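Residue-level listing of the chains:
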Amino acid sequence: MSKAISIIKSSTVPVNIENIDTDQIIPARFLKATSRDGFGKNLFRDWRYENDDDNQPKKDFVLNNPIYKGKILVAAKNFGCGSSREHAAWAIKDAGFNVVVSSFFADIFKNNGLNNFLLPVTVSDAFLHKIFTAIEKNPAAELNVDVDKQTITIVATGEQETFDINHYKKTCLLNGYDDIDYLLNMKTEIETFEKTI
């Protein structure tokens, strides 16, 4: 299955909370596994469920509300702060998200996301407010994220903003390359260069 990400057009799950840290994304007690699979069920665990024993969902948390769904998570400012655990990106990706939108990301979370084919899209505070407003008006409101053009668009209004992404990571996302795949793709160029030295 291809890991490539090019255009993601999807409805969203809005978590309008600032300063969401990695322990809130995936609590430390669930970090025992080393495989990337299975972390999604414990995404925002302490906010989603009453306790660990009965899996009783909290009705007022957005991930438990069936009207919100999609491949794009929209969060308030300063997402992914706290510890550097890569499991936070694993949990979000395993829960079915391809994109996280916020007006600010912790650098380590941002890098962990990109390394796991989870695209962090940084927008201005004003544009983030417009996104949340669009979702409030229509929970099924869609965003269109174009990796190649580096744009994010509110589909209903056509309002658009550009976002930055490292050129190397952009190439990896568009082609589904991890670091090793990227080097293997350059094998011919590397061999040609080696002959010149």
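Structure shown above.
Residues numbered from 1 in each chain as written. Predicted model: local features only at pLDDT ≥ 70, side-chain atom pairs only at ≥ 80, totals over all residues. Heavy atoms only, no water.

Draft legend 1. The overall build of the chain, seen in detail. Helix and strand counts for the chain stand at 8 helices and 7 strands. Computed over C-alpha atoms, the radius of gyration of the chain comes to 18 Å, within 12% of the 16 Å expected from 2.2 N^0.38 for 197 residues, which places it in the range of a compact globule. In the chain, which comprises 197 residues, the proportion classed as buried is 44%. Restricting to contacts in the chain with at least 6 residues of sequence separation, those with at least 24 account for 63%. (Helix = DSSP H or I, 4+ residues; strand = E, 2+ residues; numbered from the N terminus. Rg over C-alpha atoms; globule rule 2.2 N^0.38 Å. Buried < 20%, exposed > 50% of the residue type's maximum accessible area, 1.4 Å probe, protein only. Contact = heavy atoms within 4.5 Å.)

Draft legend 2. The arrangement of the sheet that holds strand S3 (residues 99-102) in detail. As summarised here, the arrangement of the 7 strands in space is S4-S3-S2-S1-S5-S6-S7, forming an open sheet in which the pairing is mixed. Looking at the sheet topology across the chains shown, the edges are occupied by strand S4 (119-122) and strand S7 (160-162). Geometrically, the sheet is characterised by an average inter-axis angle of 30 degrees between neighbouring strands, direction not taken into account. Pairing between strand S1 (residues 7-15) and strand S2 (residues 72-75): 4 bridges, direction parallel. Note on S2: the bridge partner recorded for Pro-14 is Val-74. (Pairing = 2+ DSSP bridges. Axes fitted to C-alpha atoms, helices over the stretch in contact; angles between N-to-C directions.)

Draft legend 3. Structural detail: helix H4 (residues 107-115). Every buried residue of H4 is accounted for by Phe-109, Asn-112, Gly-113 and Leu-114. Contact partners of the buried residues in H4: helix H1 (22-25), helix H3 (87-94), S4 and helix H6 (167-175). Phi for Phe-117, located one or two positions after H4, is positive at around 60 degrees.

Draft legend 4. Focus on helix H5 (residues 125-137). Along its 13 residues, H5 runs 19 Å from first to last C-alpha, staying within 8% of the 18 Å computed at 1.5 Å per residue. Every buried residue belonging to H5 is among Phe-127, Leu-128, Ile-131, Phe-132, Ala-134 and Ile-135, and all of these are buried. Looking straight down H5, one finds that the buried residues subtend no more than 155 degrees of arc, so they occupy a single side. Seen from the open side of H5, the exposed residues pointing more than 90 degrees away from its buried face are His-129, Glu-136 and Lys-137. (Expected span 1.5 Å × (residues − 1). Arc of directions from axis to C-beta.)

Draft legend 5. Geometry of the side chain of Lys-170. Here Lys-170 is to be found in helix H6. Buried and unpaired, Lys-170 has Asp-148 as its nearest opposite-charge partner, separated by 4.1 Å. Not counting chain neighbours up to four residues away, the residues in contact with Lys-170 comprise Val-147, Asp-148, Gln-150 and Ile-165. (Lys, Arg positive; Asp, Glu negative; His and termini not counted. Salt bridge = Lys/Arg side-chain N within 4 Å of Asp/Glu carboxyl O.)

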